[in-house]
Amino acid sequence: MVFISSLLLSTLCTFVVASPLSKRDSCTLSGSSLSSLSTVKKCSSIIIKDLSVPAGQTLDLTGLTSGTTVTFEGTTTFQYKEWAGPLISISGSKINVVGASGHVIDGQGAKWWDGLGDKGKVKPKFVKLVLTGKSEVTGLNIKNAPHQVFSINKCSDLTINGVTIDIKDGDSAGGHNTDGFDVGSSTNVVIQGCTVYNQDDCIAVNSGTTIKFLNNYCYNGHGISVGSVGGRSDNTVNGFWAENNHVLNSANGLRIKTVKGATGSVSNVNFISNKISGIKSYGIVIEGDYLNGKTTGTATGGVPIKNLVMKDITGSVNSAAKRVKILVKNASNWKWSGVSISGGSSYSGCSGIPTGSGATC
Ligand SMILES: *[C@@H]1O[C@H](CO)[C@@H](O)[C@H](O)[C@H]1NC(C)=O
């Protein structure tokens, strides 16, 4: 039980009901210090309002009580330091994270951007989520991440709705490796109705079960990606659905990459009714030859790709791009239909396509 014990606390919190704290207690964290965070964290409605997070500190919203709502209001910013982050960390069960109208969570990435992404200056990751039990993240406006945006690890029964990630400024100012959603070791995660404008994968699923990416827009990054799979502690992707997304002006449209020489598995992956346009390298790329961030040209079969549905994929690639590249060693039971991509040229070195799958390069 927590009782009002100091004047300081009463200025921070607006108690709807007298002590002890009940379900309706609302507490606000504002200003440029996290000193009251441990108290505010106990409230069932937490408002983060115009907060400036001190350098090298995490806005630590971990271990929240089940049923807590976190609302971001106004502008949230972060003071500069070279460190790995995360800038924000949220964990708990049945947690609601929402963005109030007009709010922005501004990473002010330009302070860190040097065009080198994972290398160069040490850049903080942005938002770490360990959310379970029907948690929801809704309507956040994220701007100018220094590095990767959402780390979704060990999450289950989580829905992310209508989040906007706007890192347009990074195009000319050296933003790099600004992945939108990195998913690992998670189950039953739905990401829908989001808009991502960045300089790396819109979503990258490295491992997980029943992950759905629905009705999203991906601009100017590297597209929708399963992988790279292999070489981590969890190397199984079982059940990924990417449906009704639009990938625009991106390096790739839809991609699966597995690591050369590694073991693991990719199964039950479904790309359905996605549109691609303005694609610069590959419309669809599935490769089993990935190593240290590069394609090597030699696929290995330790991470088999089974039960892959590619259905109703339409759109176009740029003139210098390839429509479809497939370079795999251990693929089976693929079903491709309605893949209709125009522009660019065909990739001549495809190999490993399962017979009777309907897949062509
Ligand atoms: C294909 O994957 C299976 C596991 O599903 C594995 O046993 C086999 O060795 C792999 N084949 C190759 C050529 O790597």
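Please read these numbers as outputs of a predicted model, since none were measured by experiment.

(A) Here's a closer look at the site of the ligand. By nearness alone, every residue bordering the ligand is listed as G301, G302, P304 and N330. The backbone of G301 places a nitrogen or oxygen atom 3.3 Å from an oxygen atom of the ligand. The separation between an oxygen atom of the ligand and a polar side-chain atom of N330 is 2.4 Å. Contact with the protein chains hides 37% of the accessible area of the ligand, taken as 360 Å² for the molecule alone. Split by residue class, the shell around the ligand holds one nonpolar, three polar and no charged.

(B) Main features of the side chain of N198. For N198, the location among the structural elements is in the loop between β18 (195–197) and β19 (203–205). Assessed through its relative accessible area of 1%, N198 is described here as buried. For N198, the side chain forms a polar contact with the main-chain oxygen of D200, separated by 3.4 Å. A distance of 3.0 Å separates the side chain of N198 from the backbone oxygen of D201, its partner in a polar contact. Sequence-distant contacts of N198, that is, excluding residues within four places in its chain, are made with I167, D171, T178, D179, G180, Y219, N220 and G221.

The rules behind the values
Residues numbered from 1 in each chain as written. Predicted model: local features only at pLDDT ≥ 70, side-chain atom pairs only at ≥ 80, totals over all residues. Heavy atoms only, no water. Near = heavy atom within 4 Å. Polar contact = N/O pair within 3.5 Å; in protein donor to acceptor, adjacent residues only side chain to side chain. Areas by Shrake-Rupley, 256 points an atom, 1.4 Å probe, with all protein chains shown as cover. Nonpolar A, V, L, I, M, F, W, Y, C, P; charged D, E, K, R; others polar. Helix = DSSP H or I, 4+ residues; strand = E, 2+ residues; numbered from the N terminus. Buried < 20%, exposed > 50% of the residue type's maximum accessible area, 1.4 Å probe, protein only. Contact = heavy atoms within 4.5 Å.

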